[in-house]
Every structure is written in structure tokens, then in C-alpha cells.
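Structural features, examined
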Amino acid sequence: MKFLSIVWLASISNAFARTSRNASASFDGFKVYRVNTSGRINELNSALKGLSIIELNHNDATVDVAISPEHLEAFDTLNFTTTELSQDLGADIAAEGPLGSYPGLDENGVPSISWFDSYHAYEDHIQYWSDLQASFPNNSELIQVGPSFEGRQIQGIHLWGSSGKDSKPAIFFNGNVHAREWITSKVVEYLLYQIVTGYENDTVIQAVLNNYDFYVLPVVNPDGFVYSQTSNRLWRKNRQTRDNTTAIGTDINRNWSVGFGGDGSSSNPSSETFSGYQPGDAPETAALMAYAQTLAGDKGIKLYIDWHSYAQVILLSYGYSCDTFPPNYDRQVALAGETAARIAQPYNTTFDYGSGCLVLYQSSGNGRDYMTDAAGAEFGWGIELRSTPYGFVLPADQILPSGIEIWEGMKYLWANL
Ligand SMILES: [Zn+2]
């Protein structure tokens, strides 16, 4: 199924314009519904035409949409089965809590675990990476892979084990490619925190880090991330401007060269899945592709994970095709299934798994397909974190549980690659 229509997106800009309060878009009074499409996606699409709605997520059977207060009545008259996910999206955003202040270091010189009690401003994330790296000086370094459209460096941490730096195959993580998916950078940072604090005494962590070099970029869309914190909580794309359009933003996860321009991406700059006009014409994607090629040409990429929210699913290659599979697909499915089982152990959070095209939706020009086909990754994955029913606006008290369950899955996965 294609990402839903661009007519919706025109409505979205209107909604933002109408509800703008100071610099920040307001979602007060918006309700969120899961709509069962009942195989009538085109009918749904035209029924929603003209309403101020925001599509939040979808799969083959359902679409999650936020509806502006003035169009709730019209929405209620539609002949589709719906489930209410949120009574007031604006209240959810308020309940997400204010951005936390930087917690500083604990008695061991490591950034305090209370970092995971709230969301933080982008500058605090930079401080966090710096402090975490400084607490693990013999086995890590800060890395920069290139500038964003607005000139922020895409950066993160490289970790290595007993054989020294750049000596083992890569595990490469990208977080927050979609700006509004705030939980992703936090969970990636939780994984880093566990490795850094556990390496000295935990033999499982030692074995993993001695086998792989980790290259971790928690926020690969810094411009969009900042914008989602200052102006529009639900911003998805980067902040790139283009000639001959007032529309802003390219979907970095449709701008990779493999499968570029296919179904599940859009050539319309107003679309939430705008691919750009050429592969890699978003500076963030260009930097990530170049960095991936460096890793591929060095010791190779064993595992790539692009971190997203909120479908609770492990996405394997491919997204661009539903009937093409990598040669090692059966092994990938087996590993993903056991990883999902480990993720479920702490809190019974269920994750689906399989080819991204089959278990979520078709998406062309995405990062995991690129890693599989163009960068030789043995496992080119995406993981969509918690959670229904909160969506992108996940309460801060779920940051730590989300990290804990994913850590369980990753420990299994890394030890069994
Ligand atoms: Zn995403």
C-alpha cells in the first residue's frame, strides 16, 4: 500500500497554519484514531479529503490519524471502523513532560542513569555523547560523518574491544532519522550506556565488543530533531529547502540509492515521504552513504539497524519489494524471531518481524535496503520501537522500559549473529 495521499498533506499545512501559537504548532483538541481500512483505502482517502488530519502511521489493515477539533464531527460520520487511541493529542504532548535538564555525571564519572527519565534538547544529547565517550576513553572515540542541511554535524560514538579500533566487522546504528521519533535516540543511548558501563565486568558484553566495532549515530536528522523540539512535535523529515517550492523537508529514509523512487516514496516535495529528486541529494543521506561505504570497504558491515517508532516490529530487507528477499532471509527471520522473543521477556511487549514490505508497508529508497544491497551488510534491519497506543508521543516514564527490553533483544542478537 502506498503512503496515503498528498491531499491529506495539504490539509496538514492548513492545520498547522491555523493552530500555530507563537512558534509552536498546537495539537490541542486533536483526537487520534486507528481506522480499519477494510480494503477500501481509496474510499477512505477521498472521504478524508478536505479534513485537517495528520497521518501518523499505517500498515496494510489500519491507518492512525490525528483529527483536528473542527473536523471531528465530519470524521465521525465516515463509514469506517475506528478505535480511539487518544482523546487529546495536545494533552499527550503536554504529558510527555518538559525537556529535562542535563543530569551530570554519577560517582563513577558516567552520565547519570537519570538521563533516561526525560527527553532532552539536542545540545544535551551532544554533551551526553561527549561525557559517555570520556568515561570509556580506551575503547571509544567520538565520530563525525558530515553536516546536515543546516550545517549541524551528524555525530556519535565508535566503540571497540580488546583488538583495538577498526579491527572487527561493524555494527552500525542510526537513530532519529525521523525527527519526531524521540524514543529512538534514547534507546540507542541506553544500549551505549549498557556497553560502556558493563564492559569491565560483564563477560557477555566483553565478548560482543571484542567481536565487533560499534558505530552509533543516535540522531542522524539533527535539523528535524531540533525543529520537532522547538516548532512542531510531529515533524518527520529533514529541513531541506528546494528550488521552486515552498515545501520543506526530504524524507531521509526514502533518499538512499537502492530502490530510489519506487512505490512507497513520493516525488512530491509536500509529501511526508518525499524522496528528493536524486539519490543522496539530502546531505544527511549523502554523508551516511559515504560513511557506510567506508565501513563496507574496511572490515565490512555485519549488522545495520535503523531505529524508528512506533509500530513494534523488526523490519528485515527488503522494503522496496514484497517478493524479493536477501539470500540469507530464512536465517534473518529466525534471528529476528528469537530477538523479538527476548524483547518480550521483561514487559511482554510484542514485536512482529519479517520483510519490511510484508510486515509494515512498501518503502523504497530506505537505509536498510541500501545497507543490504549496496554496502554488503549481512543484516540490514530497521526496528520500530514502542508503542501503541501512545504513538510518537511516548511518555517519558517509558524511556527506560523501552531501553531495557531492547537491550535484552540486542544481547541475544549480538551474541548470535
Ligand atoms: Zn520512522
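Residues numbered from 1 in each chain as written. Predicted model: local features only at pLDDT ≥ 70, side-chain atom pairs only at ≥ 80, totals over all residues. Heavy atoms only, no water.

Per the secondary structure count, the protein includes 13 helices and 12 strands. Dimensions along the principal axes, computed over C-alpha positions, put the protein at roughly 65 × 45 × 45 Å. Buried positions account for 60% of the 417 residues belonging to the protein. Look at the contacts in the protein between residues 6 or more apart in sequence, and 75% of them connect residues 24 or more apart. Total accessible area computed for the protein in this model is approximately 15200 Å², and 47% of it derives from carbon and sulfur atoms. In the protein, 25 positive and 46 negative side-chain charges are present, and the distance between their average locations comes to 3 Å. (Helix = DSSP H or I, 4+ residues; strand = E, 2+ residues; numbered from the N terminus. Buried < 20%, exposed > 50% of the residue type's maximum accessible area, 1.4 Å probe, protein only. Contact = heavy atoms within 4.5 Å. Areas by Shrake-Rupley, 256 points an atom, 1.4 Å probe, with all protein chains shown as cover. Lys, Arg positive; Asp, Glu negative; His and termini not counted. Charge placed at Lys NZ, Arg CZ, Asp CG, Glu CD.)

Before going further, it helps to examine the domain arrangement of the protein. Domain annotation of the protein identifies domain 1 (6–95) and domain 2 (113–229 + 261–415). The centre of domain 1, based on its C-alpha atoms, is set 28 Å off from the matching centre of domain 2. Contact with domain 1, which involves 14 residues of that partner, is made by 15 residues of domain 2. At the junction of domain 1 and domain 2, the tally comes to 0 salt bridges. The interface formed by domain 1 and domain 2 contains 1 residue pair in polar contact (both at pLDDT 80 or more). Secondary-structure elements contributing two or more residues to the side of domain 1 that touches domain 2 are α1 (6–19), β2 (53–58) and α4 (89–95). The dominant element in the side of domain 1 that touches domain 2, judged by the number of residues it contributes, is β2, at 4 residues. Residue composition of the side of domain 1 that touches domain 2, grouped by class: 6 nonpolar, 3 polar and 5 charged. (Domains from an automatic or database assignment. Salt bridge = Lys/Arg side-chain N within 4 Å of Asp/Glu carboxyl O. Polar contact = N/O pair within 3.5 Å; in protein donor to acceptor, adjacent residues only side chain to side chain. Nonpolar A, V, L, I, M, F, W, Y, C, P; charged D, E, K, R; others polar.)

Counted according to the given criterion, the structure contains 15 salt bridges. A salt bridge links Asp 64 to Arg 34; the shortest N-O distance between them is 2.6 Å. In this pair, Asp 64 sits in strand β3 (residues 62–67) while Arg 34 sits in strand β1 (residues 31–36), placing the two residues 30 residues apart along the sequence. According to the relative accessible area criterion, Asp 64 is buried, its value standing at 2%. Salt-bridge contacts for Arg 152 lead to Glu 150; the nearest nitrogen and oxygen are separated by 2.7 Å.

Mean pLDDT over the protein stands at 92; residues scoring 70 or higher make up 94%. A low-confidence stretch, residues 1–22 (pLDDT under 50), is modelled with 51 contacts involving residues beyond four sequence positions or located in other chains. (pLDDT = per-residue confidence, 0-100.)

What follows is about the packing of helix α9 (residues 283–297) against helix α12 (residues 367–374). Where α9 meets α12, the closest approach of the two axes is 11 Å, and the angle between their N-to-C directions is 35°. Judged by the sense of rotation from one axis to the other, the crossing of α9 with α12 is right-handed. Only Tyr 370, Met 371 and Ala 374 of α12 make contact with α9, whose side of the interface consists of Met 289, Ala 292 and Gln 293. Each residue belonging to the contact of α9 with α12 can be placed in one class, and the counts come to 5 nonpolar, 1 polar and no charged. (Axes fitted to C-alpha atoms, helices over the stretch in contact; angles between N-to-C directions. Left-handed = near helix turned anticlockwise from the far one by under 90°.)

Now for the packing of aromatic side chains. Within this structure, the stated rule accounts for 27 aromatic pairs. A ring pair is formed by Phe 379 and Trp 381, whose centres lie 6.2 Å apart and whose planes are at 85°; its orientation type is edge-to-face. As far as the burial class goes, Phe 379 and Trp 381 line up, both buried. Taken together, Tyr 102, Trp 115, Phe 116, Tyr 128, Tyr 190 and Tyr 193 form an aromatic cluster joined through their ring pairs. Sitting over the ring of Tyr 227, Arg 239 keeps its end group 3.5 Å from the ring centre. Cation over ring: Arg 239 sits above Trp 235, and NZ or CZ is 4.7 Å from the ring centre. (Phe/Tyr/Trp six-rings, centres within 6.5 Å; stacked < 30°, edge-to-face > 60°. Lys NZ or Arg CZ within 6 Å of the ring centre and 35° of its normal.)

For the rest of this paragraph, the subject is the coordination of the zinc ion. Coordination of the zinc ion by the protein involves His 178 (ND1), Glu 181 (OE), Glu 181 (OE) and His 308 (ND1), with metal-donor separations of 2.1 to 2.4 Å. Classification of the site at the zinc ion as irregular follows from its 4 donor atoms and the range of 57 to 146° in their angles at the metal. Ordering the donors of the zinc ion by residue number gives the pattern H-x2-E-x126-H. Classification of Glu 181 as buried rests on a relative accessible area of 2%. (Donors = N, O, S within 2.8 Å, 3.2 Å for Na, K, Ca; no water. Tetrahedral: all angles 85-135°; square planar, octahedral: opposite > 155°, others 65-115°.)

Our focus in this paragraph is the state of the cysteines. Considering all chains together, one arrives at 1 disulfide under this definition. Across the disulfide from Cys 322 sits Cys 357; the S-S distance is 1.8 Å. Because the torsion about its S-S bond is -65°, the bridge between Cys 322 and Cys 357 counts as left-handed. Placement of the pair is Cys 322 in the loop between β10 (313–316) and α10 (329–347) and Cys 357 in helix α11 (residues 356–359), with a sequence separation of 35 residues. (Disulfide = S-S within 2.5 Å.)

Among the nonpolar cores identified, the biggest contains 58 residues, and Phe 173, Phe 214, Leu 303, Trp 307, Trp 381, Met 410 and Trp 414 are the most heavily contacted of them. In terms of residues, this core owes the most to one element, helix α6 (residues 182–198), which gives 10 residues. Apart from the residues within four sequence positions on either side, Phe 214 is in contact with Ile 157, His 158, Leu 159, Ile 171, Ile 195, Val 208, Leu 209 and Trp 414. Val 220, Trp 256, Val 258 and Ile 301 belong to the second largest nonpolar core, which has 24 residues in total. (Core = buried A, V, L, I, M, F, W, Y, C linked by side-chain atoms within 4.5 Å.)

Residue Tyr 310 follows Ser 309 across a cis peptide bond; omega there is 20°. Examined against the element boundaries, Tyr 310 turns out to sit in the loop between β9 (301–309) and β10. Following Arg 386, the chain continues into Ser 387 via a peptide bond in cis, with omega recorded as -10°. Its place among the elements puts Ser 387 in the loop between β12 (379–385) and α13 (399–415). Its identity is not glycine, yet Gln 312 carries a phi of approximately 55°, on the positive side. Relative to the helices and strands, Gln 312 resides in the loop between β9 and β10. Assessed through its relative accessible area of 14%, Gln 312 is described here as buried.

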